[in-house]
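Chains, contacts and geometry: an overview
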Amino acid sequence: MEITEKNLDRFREWMIQRGRQEGSAKLYVTNLRSCARERSLTSRLVDGDLSPNTMHANAAALRAWAKFSKDRELAEVLEDIRLPPPRRVRAKPPLDVDVLRRVVHHLRTCDMSNEAVRQVLLIMALRGLRVSDVLRIPRTEVVRSLSTGRLMAVTKGRKRTPIDIRPIQREIQALADIRGWTRVQDLVTDSKDPRVATNRI
């Protein structure tokens, strides 16, 4: 099966039907387009020009494509390719406590045109959540957490993680007080593309 735009649309829908987030499915499609532009689908995995993390991302997209397209030959080739272990280009040390306090104080006191963005940033800072974790939280869960004290967030790998809301009670209440939204993402942008909201944060 050729990697065409029509087939990529079918692949994206196939990924979503199997539980992938819309953003993850789009990233796989982007990686497949990049692979299709090379002299062979696996060139990006063996030429040594990319970072280990990028090679692993491309390999994951190709494995999913091989399964979708029932391409046994591609699947066998991917099995034989040995990639270097994924690693960060730079280590990310934890933020110093005093620095974190200053960040939180700044977020609470600075001028912002969108108060919902302030709450999102504070929840991220105080609970260590990724921006995508916060943006996908539904309003029903925000309201429910105010009575239970626990916010169920869908974190990396679609893992449901209970979050103690005591450090972010103010921020959760502020979001709950806003009417007319379904997911936190709706408070940041009208776009249905999750990347738009992520970039704004």
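None of these values were measured; they are calculated from a predicted model.

To continue, consider the overall build of the protein chain. Looking only at helices and strands, the protein chain features 11 helices and 2 strands. Going from the N terminus to the C terminus, the protein chain shows its helices and strands as α-α-α-α-α-α-α-α-α-β-β-α-α. Taking the principal axes of its C-alpha atoms as reference, the protein chain extends roughly 55 × 35 × 30 Å. A burial count over the protein chain gives 36% of its 201 residues as buried. Nonlocal contacts in the protein chain, meaning residues at least 24 apart in sequence, comprise 53% of its contacts between residues at least 6 apart.

Taken N-terminus to C-terminus, the directions of helix α2 (residues 22-36) and helix α4 (residues 52-69) make an angle of 95 degrees; their axes are 9 Å apart at the nearest point. The pairing of α2 with α4 is recorded here as roughly perpendicular in orientation. Along the contact surface, α2 presents Tyr28, Asn31, Leu32 and Cys35, while α4 presents Ala57, Asn58, Ala60, Ala61, Leu62, Ala64 and Trp65.

So, on to the environment of Val142. Mapped onto the elements, Val142 comes out in helix α9 (residues 139-148). Residue classification places Val142 among the buried residues on the basis of a relative accessible area of 1%. Spatially, the C-alpha atom of Val142 lies 8.7 Å from that of Met152, the residues being 10 residues apart in sequence. Not counting residues within four places of it along the chain, the set of residues in contact with Val142 comprises Ile137, Leu151, Ile172, Leu175, Ala176 and Trp181.

For the rest of this paragraph, the subject is a positive patch on the surface. A surface patch of positive charge is lined by Arg18, Arg20, Lys67 and Lys70. For Arg18, the location among the structural elements is in the loop between α1 (5-17) and α2.

With that out of the way, let us pick up the pairing of strand β2 (residues 159-164). A regular strand carries its side chains on alternate faces of the sheet. The sheet contact formed by strand β1 (residues 150-155) and β2 spans 6 bridges and is antiparallel. Each residue of the ladder has a partner; that of Val154, found in β2, is Arg160. Adjacent in sequence and paired antiparallel, β1 and β2 are bridged by 3 residues, among which Gly157 carries a positive phi angle near 75 degrees.

We now examine the pattern of salt bridges. Overall, the coordinates contain 12 salt bridges when judged by the stated rule. A salt bridge links Asp98 to Arg101, with the shortest nitrogen-to-oxygen separation between them at 3.3 Å. You can see Asp98 and its partner Arg101 sitting in helix α6 (residues 97-109), 3 residues apart, about one turn around the helix. Accessibility expressed as a relative area gives 43% for Asp98, which makes it partly exposed.

So, on to the nonpolar core. Core analysis: the largest hydrophobic core is formed by 26 residues, its most contacted members being Ile123, Val142, Ile172, Leu175 and Val184. If you list the elements that add at least two residues to this core, you get α6, α7 (115-127), α8 (131-135), β1 and α10 (169-177). The leading source of residues in this core is α7, at 6 residues. Judged by nonpolar contacts, the second largest core, of 22 residues, contains Trp14, Ala60, Phe68 and Ile81.

Right, let's talk about unusual backbone geometry for a bit. Non-glycine residue Lys70 carries a positive phi angle of around 55 degrees. Position of Lys70 relative to the elements: it lies in the loop between α4 and α5 (72-80).

Looking now at the side chain of Asn31. Structurally, the position occupied by Asn31 is in helix α2. On the accessibility criterion, Asn31 (11% relative accessible area) is buried.

A cluster of acidic residues, Glu73, Glu76, Glu79 and Asp80, forms a negative patch at the surface. Tracing the chain through its elements places Glu76 in helix α5. We classify Glu76 as exposed; its relative accessible area is 52%.

This brings us to α6. The end-to-end C-alpha distance of α6 is 18 Å, a good match for the 18 Å that 13 residues give at a rise of 1.5 Å each. The residue sitting at the N-terminus of α6 and contributing the capping side-chain oxygen is Asp96; that oxygen lies 3.0 Å from the backbone nitrogen of Asp98.

Rules used in this analysis
- Residues numbered from 1 in each chain as written.
- Predicted model: local features only at pLDDT ≥ 70, side-chain atom pairs only at ≥ 80, totals over all residues.
- Heavy atoms only, no water.
- Helix = DSSP H or I, 4+ residues; strand = E, 2+ residues; numbered from the N terminus.
- Buried < 20%, exposed > 50% of the residue type's maximum accessible area, 1.4 Å probe, protein only.
- Contact = heavy atoms within 4.5 Å.
- Axes fitted to C-alpha atoms, helices over the stretch in contact; angles between N-to-C directions.
- Parallel < 35°, antiparallel > 145°, perpendicular 65-115°, else oblique.
- Patch = residues over 30% accessible without salt bridge, like charges linked within 9 Å, V, L, I, M, F, W, Y side chains within 5 Å.
- Areas by Shrake-Rupley, 256 points an atom, 1.4 Å probe, with all protein chains shown as cover.
- Salt bridge = Lys/Arg side-chain N within 4 Å of Asp/Glu carboxyl O.
- Lys, Arg positive; Asp, Glu negative; His and termini not counted.
- Charge placed at Lys NZ, Arg CZ, Asp CG, Glu CD.
- Pairing = 2+ DSSP bridges.
- Core = buried A, V, L, I, M, F, W, Y, C linked by side-chain atoms within 4.5 Å.
- Expected span 1.5 Å × (residues − 1).
- Polar contact = N/O pair within 3.5 Å; in protein donor to acceptor, adjacent residues only side chain to side chain.

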